[in-house]
Amino acid sequence: MSKISYLIVLIVLFCGIQNGHAQLQMLRDQGTGAPITANPYAGVKGTPYIGEFASGAIIFNEKDTANNIQIAFNGYANSLEVKVDGQIFAYTPQKILGFVISPDGGAELYRSGFVLPGLGENRFVQILEDGNYTLIKHKYKILGNDPSATYGTQNAKSFNPAEDLFVAKGGVVKPWKTKTKNLEEIFGPDYAKVAALIKENGLNIRDEADVIRLFRLLNS
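Note that the structure is predicted; figures quoted are calculated from it, not measured.

**Focus: helix 2 (residues 180-187)**
Because each turn of an α-helix spans 3.6 residues, side chains separated by three or four positions in sequence point in the same direction.
Next, step 1: Those residues of helix 2 lying buried are Asn182, Leu183, Ile186 and Phe187. Looking straight down helix 2, one finds that the buried residues subtend no more than 115° of arc, so they occupy a single side. Exposed and oriented more than 90 degrees from the buried face of helix 2 are Lys181 and Glu185.
Next, step 2: Lining the buried residues of helix 2 we find strand 9 (157-169), strand 10 (172-175), helix 3 (191-200) and helix 4 (208-219).

Encoded structure:
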């Protein structure tokens with residue numbers, strides 16, 4: 001990225017953060033009118049984040065990316081959170097194209113814009129394999145009962161992880177399902193090729209690693 005382009009990215013990032021800060025300042029307690037500063041999830045076990053804050057990249061568009069930014073993916077709010085000078089601001093999928101983060105040491109690419117069945121396009125999804133057929137993972141957190149709660153604490157709440165796989169081709173996104181009739185619907189005229197790849201390579205299509213391998217073979 002050129003110095004001028006990088007400067008533009010920093011200006012865009014700064015403006016976005018300032019706008020986010022202004023919006024955060026408007027959040028007030030409806031009873032007292034005082035700004036809300038306390039953790040809204042006090043008493044909830046776990047974290048809404050998928051991973052922790054780490055150095056990553058924000059992809060504003062196909063040409064401009066800001067690197068070495070402290071970010072974390074909030075899987076409950078479905079937002080990219082940015083840490084600046086000890087304060088946290090958020091980007092929604094409508095505002096940026098995606099981001100790259102390494103929550104467990106391995107780089108993960110997330111993009112927006114995919115129209116997920118029943119969820120629409122305003123979601124960040126992880127790209128597991130990209131090509132003619134794109135394999136995507138929708139990772140998120142739900143607020144539910146604490147599965148480790150003991151007797152007498154049935155009302156305890158926790159952030160519970162969840163995820164779903166989808167297949168995208170030609171702008172159409174379909175849920176990943178492993179029954180033959182579902183595979184025929186997903187791959188259409190390419191189903192025979194897919195079935196052959198599964199058999200020839202001994203792939204277990206219920207195992208994510210093998211599913212990724214299948215899509216790499218299919219796209220090669």
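After that view of the structure, there is still more to cover.
**Let's talk about the packing of helix 3 against helix 4**
Helix packing geometry: the angle between the two helix axes and the distance between the axes.
Next, step 1: Interaxial distance between helix 3 and helix 4 falls to 10 Å at its minimum, and their mutual angle equals 125°. In terms of axis orientation, helix 3 runs oblique to helix 4. Where helix 3 crosses over helix 4, the handedness of that crossing is right-handed. On helix 4, the residues that touch Lys193, Val194, Leu197 and Ile198 of helix 3 are Leu214, Leu217 and Leu218.
Next, step 2: Considered class by class, the residues forming the contact of helix 3 with helix 4 number six nonpolar, no polar and one charged.

**Observations concerning the confidence of the model for the protein chain**
Next, step 1: Summing up the model confidence of the protein chain, the mean pLDDT is 82 and the portion of residues at 70 or higher is 78%.
Next, step 2: Contacts from residues 1-37, a stretch scored under 50 in pLDDT, to residues over four places away or in other chains number 35 contacts.

**Some remarks on the sheet that holds strand 9**
Next, step 1: Pairing is antiparallel across the open sheet formed by ten strands, whose spatial order is 4-3-2-1-5-6-7-8-9-10. Unpaired on one side and paired on the other, strand 4 (87-91) and strand 10 mark the two borders of the sheet. For this sheet the average axis-to-axis angle between neighbouring strands, irrespective of direction, equals 40°.
Next, step 2: Pairing of strand 8 (residues 134-145) with strand 9 involves twelve bridges; the strand directions are antiparallel. Within strand 9, the position partnered with Lys141 by the bridge is Pro161.
Next, step 3: Where helix 4 meets the sheet, its contacts fall on strand 7 (125-129), strand 8 and strand 9, and the angle it forms with strand 7 comes to roughly 65°.

**Some remarks on the pairing of strand 6 (residues 108-111)**
Next, step 1: Side chains Glu108 and Tyr110 project from strand 6 onto a buried face, and the interleaved Leu109 and Arg111 project onto a face without burial.
Next, step 2: Bridge count between strand 5 (residues 98-101) and strand 6: four bridges; the pairing is antiparallel. Within strand 6, the residue paired with Phe99 across the bridge is Tyr110.
Next, step 3: Note that strand 6 and strand 7 share two bridges and pair antiparallel.

Basis of the calculations
- Residues numbered from 1 in each chain as written.
- Predicted model: local features only at pLDDT ≥ 70, side-chain atom pairs only at ≥ 80, totals over all residues.
- Heavy atoms only, no water.
- Buried < 20%, exposed > 50% of the residue type's maximum accessible area, 1.4 Å probe, protein only.
- Helix = DSSP H or I, 4+ residues; strand = E, 2+ residues; numbered from the N terminus.
- Arc of directions from axis to C-beta.
- Contact = heavy atoms within 4.5 Å.
- Axes fitted to C-alpha atoms, helices over the stretch in contact; angles between N-to-C directions.
- Parallel < 35°, antiparallel > 145°, perpendicular 65-115°, else oblique.
- Left-handed = near helix turned anticlockwise from the far one by under 90°.
- Nonpolar A, V, L, I, M, F, W, Y, C, P; charged D, E, K, R; others polar.
- pLDDT = per-residue confidence, 0-100.
- Pairing = 2+ DSSP bridges.

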